[in-house]
Amino acid sequence: IYSPFTPLFTGYQLFEAANYLAPFDWKILYNLGLVHLTMQQFASAFHFLSAAINLRPKMASLFMLLAGKMGILQLKADLNSFKGDISKKVVSAIK
């Protein structure tokens, strides 16, 4: 949880205000995606990074961040399925 007094949250508020004033500026969307990644809000990061990619499709760093985010989500999904598999094996071993 981020309090309103942290520099990250203040930056988030400033970028949100900038996005309200210039919704088609890819740099603002890029930075909002970075802030959301830092705050581990991956769905919001995906939203802003994919919007930035649609506005500036030749920026390699946008694709890199999006791919990194998708890799993080895949690792989390793999970890959750691994936990489920382990718990099933433990339950079947107990029976």
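Before reading further, recall that the structure is shown in the block above.
Figured I'd write up the structure that's included with this text. Quantities reported herein were computed from a predicted structural model and do not represent experimental measurements.

Right, let's get into the overall build of the chain. The number of helices and strands found in the chain is four helices and zero strands. In sequence order, the secondary structure elements of the chain are arranged as α-α-α-α. When burial is assessed residue by residue, the chain has 23% of its 95 residues classed as buried. Here the analysis covers contacts within the chain between residues at least 6 apart in sequence; of these, 39% occur between residues at least 24 apart. Just so you have it, the chain exposes about 6,700 Å², and 68% of that area is on carbon and sulfur atoms.

Side chains that are nonpolar tend, in soluble globular proteins, to be buried together. Within the largest apolar cluster, 14 residues are counted, with the highest numbers of intra-cluster contacts made by Leu37, Leu49 and Leu62. Within the residue set of this core, elements represented by two or more residues are α2 (26-38), α3 (42-55) and α4 (60-94). Sequence-distant contacts of Leu49, defined by excluding residues within four places in its chain, comprise Tyr30, Gly33, Leu37, Leu62, Leu65 and Leu66.

Another point: α3. The terminal C-alpha atoms of α3 lie 20 Å apart, and with 14 residues this matches the ideal 20 Å at 1.5 Å per residue to within 8%. Buried within α3 are the following residues: Phe42, Ala45, Phe48, Leu49, Ala52 and Ile53. On an axial view of α3, the arc spanned by its buried residues comes to 140°, and they lie on one face. For α3, the exposed residues lying more than 90 degrees away from the buried face are Ala43 and Asn54.

The rules behind these values
Residues numbered from 1 in each chain as written. Predicted model: local features only at pLDDT ≥ 70, side-chain atom pairs only at ≥ 80, totals over all residues. Heavy atoms only, no water. Helix = DSSP H or I, 4+ residues; strand = E, 2+ residues; numbered from the N terminus. Buried < 20%, exposed > 50% of the residue type's maximum accessible area, 1.4 Å probe, protein only. Contact = heavy atoms within 4.5 Å. Areas by Shrake-Rupley, 256 points an atom, 1.4 Å probe, with all protein chains shown as cover. Core = buried A, V, L, I, M, F, W, Y, C linked by side-chain atoms within 4.5 Å. Expected span 1.5 Å × (residues − 1). Arc of directions from axis to C-beta.

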